[in-house]
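Inside the fold
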Amino acid sequence: MKKQKMSRDRRKRNNQIALFTIPGFIWMMVFSYLPMFGLLIAFKDFKNTTGDFISSLFASEWTLKNFRIFFTSKDAGLILRNTIFYNLVFMILNIVVPLLIAIMLHELLQKRMAKVYQTASFLPYFLSWIVISYSIYALLSPQTGLVNKIIAFFGGEGVDWYRTPKYWPFIFTFLSVWKNLGYNTIIYLAALTGIDKSLYEAASIDGASKMQQAKYITVPLLTPVIIIIFILGLGSIFRSDFGLFYHIPITGGGTAALRNVSEVIDTYIYKLLIQSQNISQSAAISFVQSVIGFTLIFFANKIVKRYDPDRAIY
């Protein structure tokens, strides 16, 4: 009788918890699963012949040319190179730099100052790329930009930043790390609070320096968090930050001049969809993005699970 009562109580508790998940489940079905119907567009030569989207979609012919056109186009190499290269650099720096900042903030004796630094680094995360783009233009404008004024003050010659592609890989990298620094730092700081302080006390008694404590205690214990961030970052390697690569160059009018260093897969999809009105090809490329991202996450997690099952995502 006692076991039956416990079973009923557990079932009742589970039902109550399940009720709270219903709004989230409905939201996920409407905004995540229902739009998957649109995947059909990637396999159709879509033409709006009837004036109605659904009937036109089913009336359109099945085809795989939407996938072939992109991978055989002359722009495919440039777009894939930029997308993968930037994402690899961003992924590494957005793991290493926030980790170093989190360790330094964690070691600060004045916790109030640590909170000030943490807040200051987190604020850029909430800024729109449009706002940031105008701030960057105020710095890099060829005529009135602050950077060129500083260069001229020291006797140098100003740079036409929005017509000089060689500087922009570094600018994009800096902006990406700067904007995401606070968010990634908080993840590490949250993990750092879970580390037993007695480990540091024991290491200090044994004569370990702060560098040695970070190397042999902090980093190994943060490895599960680092692995999760790495796996999730790997899943986004075929995607790009649209706002960064579209709004920052276009504000200064440098879109055409900077195309070789700013054209990534998401800006290419946007131009296909908005400028060329090519729904089928843009849907096909987006579908490829999702498939590659899922595949990378799946196999990366498989590798982690094989060597260290406790640190895998599932």
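Residues numbered from 1 in each chain as written. Predicted model: local features only at pLDDT ≥ 70, side-chain atom pairs only at ≥ 80, totals over all residues. Heavy atoms only, no water.

1. Overview of the overall build of the protein chain
Rules: Counting from the N terminus, the helices are DSSP H or I runs at least four residues long and the strands are E runs at least two residues long. Every radius of gyration here is taken over C-alpha atoms, with the globule rule written as 2.2 Å times N^0.38, N being the number of residues. Throughout, exposure labels follow a simple rule: accessible area from a 1.4 Å probe, protein chains only, divided by the maximum for the residue type, with under 20% read as buried, over 50% as exposed, and the rest as partly exposed. Any two residues whose heavy atoms approach within 4.5 Å at even a single point are treated as in contact. The protein chains shown are the only cover counted for residues, whose accessible areas, like all others here, come from Shrake-Rupley with a 1.4 Å probe. We count Lys and Arg on the positive side and Asp and Glu on the negative side, and we leave His and both chain ends out. Where a charge lies is defined by one atom per residue type: Lys uses NZ, Arg uses CZ, Asp uses CG and Glu uses CD.
Summing up its helical and strand segments, the protein chain has 14 helices and two strands in all. A compact globule built from 314 residues should have a C-alpha radius of gyration of about 20 Å, whereas the protein chain, at 25 Å, is more than 25% larger. In terms of its C-alpha atoms, the protein chain occupies a principal-axis envelope of roughly 80 × 70 × 35 Å. Burial analysis of the protein chain (314 residues in total) assigns 35% to the buried set. For the protein chain, contacts bridging at least 24 residues in sequence account for 65% of all contacts bridging at least 6. When the accessible surface of the protein chain is summed, it comes to about 19700 Å², and 67% of that surface belongs to carbon and sulfur atoms. Side chains of the protein chain give 31 positive and 16 negative charges; the mean places of these two sets differ by 8 Å.

2. Here's the deal with the environment of threonine 255
Looking at where threonine 255 falls in the secondary structure, it is placed in the loop between α11 (242–251) and α12 (259–262). Along the chain, threonine 255 and phenylalanine 245 lie 10 residues apart, while their C-alpha atoms are 9.5 Å from each other. Among residues more than four places away in sequence, those in contact with threonine 255 are Pro249, Ile250, Ser262 and Lys271.

3. Some points on the packing of helix α5 (residues 111–122) against helix α8 (residues 168–192)
For clarity, the cut-off: The axes used here are C-alpha line fits, helices contributing only the stretch in contact, and every angle between their N-to-C directions lies in the interval 0 to 180 degrees. Angular relationships are summarised with four words: roughly parallel below 35 degrees, roughly antiparallel beyond 145, roughly perpendicular across 65 to 115, and oblique for the angles in between. When residue character is reported, Ala, Val, Leu, Ile, Met, Phe, Trp, Tyr, Cys and Pro are called nonpolar, Asp, Glu, Lys and Arg charged, and the others, Gly included, polar.
The interhelical angle for the contact between α5 and α8, taken along N-to-C directions, is 135°, at an axis separation of 7 Å. By the angle between their directions, the pair α5 and α8 is classed as oblique. Residue-level inspection shows Gln118, Ser121 and Phe122 of α5 in contact with α8, the latter providing Leu181, Gly182, Tyr183, Ile186 and Leu189. Across the contact of α5 with α8, the residue classes break down as five nonpolar, three polar and no charged.

4. Quick notes on the side chain of serine 56
By secondary structure assignment, the location of serine 56 is in helix α2 (residues 53–59). Taking relative accessible area as the criterion, serine 56 reaches 0% and is therefore assigned buried.

5. Quick notes on the nonpolar core
To keep it simple, the criterion reads: The term nonpolar core refers to a set of buried residues drawn from Ala, Val, Leu, Ile, Met, Phe, Trp, Tyr and Cys, joined through side-chain atoms within 4.5 Å.
Residues Ile95, Leu99, Tyr188, Leu192, Leu222 and Ile226 are the most contacted members of the largest nonpolar core, which totals 24 residues. Looking at this core, the elements with two or more residues in it are α4 (76–107), α8, α9 (197–205), α10 (210–235) and α14 (279–307). At eight residues, the largest contribution of residues to this core is made by α10. Among residues more than four places away in sequence, those in contact with leucine 99 are Tyr188, Leu222 and Ile226.

6. A look at the side chain of threonine 185
Selection criterion: Polar contacts, as counted here, are pairs of nitrogen or oxygen atoms within 3.5 Å of one another; within protein the pair requires one atom able to donate a hydrogen and one able to accept it, and residues that are adjacent in sequence qualify only if both atoms are side-chain atoms.
Residue position: threonine 185 is located in helix α8. In this structure the side chain of threonine 185 is engaged in a polar contact, spanning 2.6 Å, whose partner is the backbone oxygen of leucine 181. Residues in contact with threonine 185, not counting those within four places in the same chain, are Pro98, Ile101, Ala102 and Leu105.

7. Here's the deal with the packing of aromatic side chains
We apply this condition: Any pair of Phe, Tyr and Trp rings, taking the six-membered ring for Trp, is counted once the centres come within 6.5 Å. Such a pair is stacked with planes under 30 degrees apart, edge-to-face with planes over 60 apart, and tilted for the rest. Note on criteria: charge over ring means Lys NZ or Arg CZ within 6 Å of the ring centre, with the direction from the centre no more than 35 degrees off the ring normal.
Taken as a whole, this structure holds 27 aromatic pairs when the rule is applied. Through a chain of ring-to-ring contacts, three or more aromatic side chains come together here, namely Phe85, Tyr86, Phe90, Tyr137, Tyr162, Trp168, Phe172 and Phe245. Over the face of the ring belonging to tyrosine 125 we find lysine 179, whose NZ or CZ atom lies 5.6 Å from the ring centre. Across the ring face of tryptophan 129, the terminal group of lysine 179 is positioned such that the distance to the ring centre comes to 5.3 Å.

8. Considerations on helix α13 (residues 265–275)
Among the residues of α13, Ile265, Asp266, Thr267, Tyr268, Ile269 and Leu272 are the ones counted as buried. Directly beyond the C-terminal end of α13, a positive phi value near 55° is found at glutamine 277.

9. Description of the environment of threonine 49
Tracing the backbone shows threonine 49 in the loop between β1 (44–45) and α2. Sequence separation between threonine 49 and isoleucine 227 is 178 residues, and the spatial gap between their C-alpha atoms is 49 Å.

10. A short note on the confidence of the model for the protein chain
Quick note on the threshold: One confidence number per residue, pLDDT, is output by the predictor and ranges from 0 to 100.
Considering every residue of the protein chain, the mean pLDDT works out to 85; 96% of them sit at 70 or more. Across the protein chain, the element-wise mean pLDDT spans from 78 in helix α1 (residues 2–33) up to 92 in helix α6 (residues 129–140).

11. What about the pattern of salt bridges?
Our working definition: Any carboxyl oxygen of Asp or Glu within 4 Å of a side-chain nitrogen of Lys or Arg constitutes a salt bridge here.
Evaluation of the coordinates by the stated rule reveals five salt bridges. Across the pair lysine 47 and aspartate 45 runs a salt bridge whose closest N-O atoms are separated by 2.7 Å. Taking relative accessible area as the criterion, lysine 47 reaches 45% and is therefore assigned partly exposed. Among the salt bridges present, the one from arginine 259 reaches glutamate 263, with a minimum N-O distance of 3.3 Å. Linked by salt bridges that have partners in common, Asp75, Arg259, Glu263 and Lys271 make up one network.

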